[in-house]
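Secondary and tertiary structure notes
Next come the chains, spelled out residue by residue.
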Amino acid sequence: MTAVACALAACASYPPPRMLTPAEQSSPATLLPGDPAPPLAVLGWVQGQPIESFQPGMVYVLDFWASWCGPCLAIMPEIDRLQRRHADRVVFIGVTNLDENNQEHDIRRVLDEGTSDIHFRIAIDDAGRTTGFYPIAVRDTAIPRSFLVDQEGRLAWWGHPADLAPVLEAVLSGMWDLAAARLEQQARDAAAIRTRALVQDYITAVRSKNVEAELAAAQQAAAFPVGYCKGFSPDYWGWTVQASCLIRLGRIEDAKAVAAAAAQTPGVADDAYALAQLAESLKPLALDEAARLADQAIAVVQNAQARTPQGEWEQFLADGEQRRYAAAHIIAADIRAAQQRFAEAVELLTSAIDEWPDDDRFVPNKKQLDERLNRYKLQLTP
């Protein structure tokens, strides 16, 4: 892991949701699209009229969230808009578990403060039973997550609520392909089991300092679509670890080939920081290839920053990406300096420093970046 990556990994500010047990990680989901939707188990209703059961002909959306979860709160205005748009045909229920950071007074505070539009029903899970019926059953306890129950009381879909709107429209119009959704989820489920196992193989190899075994695990992980990989963050780890291992093994041409393939792979090609990490690995050995990857990373940032966010959720995503974009620019600036392109290095590093936290826990810290910037400036031709 690079120094910049260490800094980014340290910036989480809220507790994780309930983690899957080893048995759950290695076993198939027990709930798939097409299965009857499990009943709600509710300790109490914080907002809205209680729902006793799913009624035929009505569509239901369960949104799992917590008061401490920034992404959950950011997406709620969009969920609320969907509720108002389809109020006669869809019932939205926010489901939350009590924990030491998410007590009822925390939940009510979020609702009362008006920091987000949350007008739909809010329910408190009964001792995690609803979570067990849904997120744990599908083997994904991250939040926010939405579960869509169709007019016949079947689970139609689950995923991030940012992806809910088109699925909801398809379900309401009768155009949702439930069989295809089930097959897709089965494929993702099988990939999740396998890639979680590969993560454990990789960790074992790291601990035993077996680079060949690290490489084998990474190669197998990279054979799956990036979005299908589970158990390790970032999801694209198979690609960056492959390149690193090949370099450590002295297989430079193979590392360059892997980086080139990664740069064409969805989930890497559109991720500025992933591209920058690959570039950083190659920089000491293949500067031209590193520079091409840096060019691609810079272009991804420029394209993203040229788009105007639409709504609260897109703004939240854009704000959240700024630090990763800055990290990509730090690496790209270093590569530009290695190419003697100091004016570009100054421009990139200046933009990164503007977004970098003034916190000594971050490596490099802002003072170190300022010193680096001054070194670049000294190289500029008068």
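Quick notes on the rules
- Residues numbered from 1 in each chain as written.
- Predicted model: local features only at pLDDT ≥ 70, side-chain atom pairs only at ≥ 80, totals over all residues.
- Heavy atoms only, no water.
- Helix = DSSP H or I, 4+ residues; strand = E, 2+ residues; numbered from the N terminus.
- Buried < 20%, exposed > 50% of the residue type's maximum accessible area, 1.4 Å probe, protein only.
- Pairing = 2+ DSSP bridges.
- Arc of directions from axis to C-beta.
- Contact = heavy atoms within 4.5 Å.
- Patch = residues over 30% accessible without salt bridge, like charges linked within 9 Å, V, L, I, M, F, W, Y side chains within 5 Å.
- Areas by Shrake-Rupley, 256 points an atom, 1.4 Å probe, with all protein chains shown as cover.
- Salt bridge = Lys/Arg side-chain N within 4 Å of Asp/Glu carboxyl O.
- Lys, Arg positive; Asp, Glu negative; His and termini not counted.
- Charge placed at Lys NZ, Arg CZ, Asp CG, Glu CD.
- Phe/Tyr/Trp six-rings, centres within 6.5 Å; stacked < 30°, edge-to-face > 60°.
- Axes fitted to C-alpha atoms, helices over the stretch in contact; angles between N-to-C directions.
- Core = buried A, V, L, I, M, F, W, Y, C linked by side-chain atoms within 4.5 Å.
- Disulfide = S-S within 2.5 Å.

Regarding unusual backbone geometry
Put simply, I143 and P144 share a cis peptide bond, and its omega is 5°. Relative to the assigned elements, P144 resides in the loop between α6 (135-138) and β5 (145-149). That bond from S233 to P234 is cis: its omega, 5°, falls within 30 degrees of zero. Following the sequence through the fold, P234 ends up in the loop between α9 (211-222) and α10 (237-248). With phi around 55°, A127 is a residue other than glycine that occupies positive phi space.

Some points on the pairing of strand β6 (residues 155-159)
For β6, a buried count of five out of five residues is recorded, marking the element as mostly surrounded by other parts of the structure. With antiparallel pairing between neighbouring strands as the criterion, β5 and β6 make up a hairpin whose turn holds five residues, including G153 at a positive phi of roughly 75°.

Considerations on helix α4 (residues 104-113)
Within α4, the full set of buried residues consists of D106, I107, V110 and L111. What you see down the axis of α4 is that its buried residues fit within an arc of 135°, all on one side. Structural note: α4 exposes H105 and D112 on the side pointing more than 90 degrees away from its buried face. Turning to α4, the residues buried within the fold contact β1 (42-47), β2 (59-65), α3 (70-85), β3 (90-96) and β4 (121-125).

Digging into a negative patch on the surface
On the surface, a cluster of negative charge is contributed by D358, D360, D370 and E371. With respect to the element layout, D360 can be found in the loop between α15 (342-355) and α16 (366-378).

Describing the packing of aromatic side chains
Under the defined criterion, the tally for this structure stands at eleven aromatic pairs. On the basis of an interplanar angle of 75° and a centroid distance of 5.5 Å, the ring pair of F64 and F147 is categorised as edge-to-face. Note that F64 is positioned in strand β2 and F147 in strand β5, a separation of 83 residues in sequence. The same class applies to F64 as to F147, namely buried. Each residue in the set F64, Y134, F147 and W158 is aromatic and connected to the rest through ring pairs, giving one cluster.

Observations regarding the sheet that holds β5
What the six strands build is an open sheet, ordered β1-β4-β3-β2-β5-β6; its pairing is mixed. The sheet is open, and its two borders are formed by β1 and β6, each paired with just one other strand. When the angles between neighbouring strand axes are averaged without regard to direction, this sheet yields 25°. The pairing of β1 with β4 spans four bridges and is classified as antiparallel.

As for the environment of I51
Along the chain, the position of I51 falls in the loop between β1 and β2. Separated by eleven residues in sequence, I51 and L40 place their C-alpha atoms 8.4 Å apart. For I51, the residues in contact, after removing those within four places along its chain, are L40, W45, Y60, V91, I93 and R121.

Brief notes about the pattern of salt bridges
Inspection of every chain in the model, using the stated rule, returns 24 salt bridges. With its nearest N and O atoms 3.3 Å apart, the salt bridge here joins R81 to E78. With a gap of three residues between them, R81 and E78 both fall in helix α3, about one helical turn apart. The class of E78 is partly exposed, set by a relative accessible area of 24%. One salt bridge in this structure joins R108 and E104, with 2.9 Å as the shortest N-O distance. Of the two residues, R108 and E104 are both situated in helix α4; the distance of four residues between them amounts to about one turn of the helix.

Observations concerning the nonpolar core
The biggest cluster of nonpolar side chains holds 63 residues, and the ones touching the most others in it are W237, V268, L293, L349 and Y376. Sorting elements by how many residues they give to this core places helix α14 (residues 311-338) first, with ten residues. In contact with V268, not counting residues within four places along its chain, are V226, Y236, W239, A262, A274, L275 and L278. C69, F120, L164 and V167 belong to the second largest nonpolar core, which has 33 residues in total.

Digging into the state of the cysteines
Across all of its chains, the model carries one disulfide by this definition. One disulfide bridge connects C69 with C72, the sulfur atoms lying 2.4 Å from each other. Around the S-S axis, the bridge from C69 to C72 shows a dihedral of about 75° and counts as right-handed. For C72, a relative accessible area of 0% puts it in the buried group. With no disulfide of its own, C229 lies closest to C245 among cysteine sulfurs, the gap being 15 Å.

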